[in-house]
Amino acid sequence: MKRIFLIISVLLCALAHTANAQQTEESQKEKKNWKEWLPEIHGVVRGKYEYQPQINAGRFQVRNARFSLSGKVNRLIGYKTEIDLSDEGEIKMLDAYAAVYPMKGLDLRIGQMRVPFSIDAHRSPHLQYFANRSFIAKQVGNVRDVGLTGSYTFGKEDMKIILEGGIFNGSGLKDQKPWQKDMNYSFKLQLFPVKNYNLTLSTQKICPTDVTKIYLYDIGTYVDIAGFHIEAEYLYKTYEDNAYDKVHAFNSFVNYDIPLKKALKKISLLCRYDMMTDQWDGETFDEKTNAPVTTDVFRHRITGGVTLSFDKPFLSDLRINYEKYFYRSGDVPKESEQDKICVEMMVRF
């Protein structure tokens, strides 16, 4: 009897231990899953000082104070909201969309977002190489809109293809109420045939007003090799019924990283050349003749700079740039589009 009692006691202890281990494992699994659904909070703050020697004047500016909230509510449904509390002093709602992930590599989104177009125009502020964006990213190809997009990625990490496309209202974020008889579109194809090389092709149609239709075409490429990032991009913009002259824009730059091992993660040396021809934004008309008005004049620009990147846990860059502009004789540049020295501190958390 004593032997039987001992055996039963050992079995009961073993069963209790196993049950406790299973409960602990399930509890840890549930805890892990619970953390998986917690929203991610990110922010970007960019403060800068600019000085224009031609007019002997300077200014401080909060270029961005962005906050975003993103995550998943389950394995199929996700979301993102992003607001800029100070985009040159203005509050702007940037992203607000719901996402569906029906299968691996496929991403569907509906709501407000940046349209899939271009390389440089699609970069977030913390991923920019220079303090001020290229002409393609700022004046010519920068579009956010409300609509439906789909993205599909296939292939391996070093050899993959990303296909993105979407339909949109076409009028941007200003007015979402009008009914649309003719939806607008944007398509983007990213090719990564070998490691550290990219080729991107994009096309887009927008309608800033009911009487204006604009078509954009873009090709860009970049390579990362031996510490260098070399990139070039060309954009072609045309107006329906030849409402305005065709627009050409080009952006190219070289970035060289010098890695460090102390408080500074790296020092980057940069040089950029970009240009754009005369442009009309598609919505500014002469009050008397109702003819299109040129909103950006032909110009070239050379930018040189250095970026100090600080070590983790948060991404932070000190960007120091000098921009030299070139205009045609007789053209009057905008007040902010002249030679300038720019010192910017960017922090992302």
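Residues numbered from 1 in each chain as written. Predicted model: local features only at pLDDT ≥ 70, side-chain atom pairs only at ≥ 80, totals over all residues. Heavy atoms only, no water.

1. Describing the packing of aromatic side chains
And then number 1: What the rule picks out here adds up to 15 aromatic pairs.
And then number 2: Seen in terms of ring centroids, Phe228 and Tyr256 are 4.5 Å apart; in terms of plane orientation they differ by 35°. Their pairing is tilted. With Phe228 in strand β11 (residues 228-239) and Tyr256 in strand β12 (residues 247-259), the pair connects residues that are 28 residues apart, well separated along the chain.
And then number 3: With relative accessibility at 34%, the residue Phe228 sits in the partly exposed group.
And then number 4: Judged by its relative accessible area of 31%, Tyr256 is partly exposed.
And then number 5: In this structure an aromatic cluster arises from ring pairing among Tyr239, Tyr244, Trp280 and Phe285. (Phe/Tyr/Trp six-rings, centres within 6.5 Å; stacked < 30°, edge-to-face > 60°. Helix = DSSP H or I, 4+ residues; strand = E, 2+ residues; numbered from the N terminus. Buried < 20%, exposed > 50% of the residue type's maximum accessible area, 1.4 Å probe, protein only.)

2. Some thoughts on the nonpolar core
And then number 1: Ranked by size, the top nonpolar core spans 21 residues in total, and within it Leu216, Leu235, Tyr239 and Ala249 carry the most contacts.
And then number 2: Broken down by element, the residue count for this core peaks at three residues, all from helix α2 (residues 135-140).
And then number 3: Other than its neighbours up to four places away in sequence, Tyr239 contacts Lys213, Ile214, Tyr244, Asp245, Val247, Gln279 and Trp280. (Core = buried A, V, L, I, M, F, W, Y, C linked by side-chain atoms within 4.5 Å. Contact = heavy atoms within 4.5 Å.)

3. A short note on the pairing of strand β3 (residues 77-87)
And then number 1: Across seven bridges, the pairing between strand β2 (residues 57-72) and β3 is antiparallel. From the neighbouring strand, Arg66 faces β3, where its bridge partner is Asp84.
And then number 2: Bridge count between β3 and strand β4 (residues 90-100): nine bridges; the pairing is antiparallel. Across the sheet, the residue bridging to Gly78 is Ala99, located in β4.
And then number 3: The antiparallel pairing of β3 with β4 creates a hairpin that spans two residues between the two strands, and Glu88 there sits at a positive phi of about 55°. (Pairing = 2+ DSSP bridges.)

Distances and angles like these do not, on their own, reveal function.
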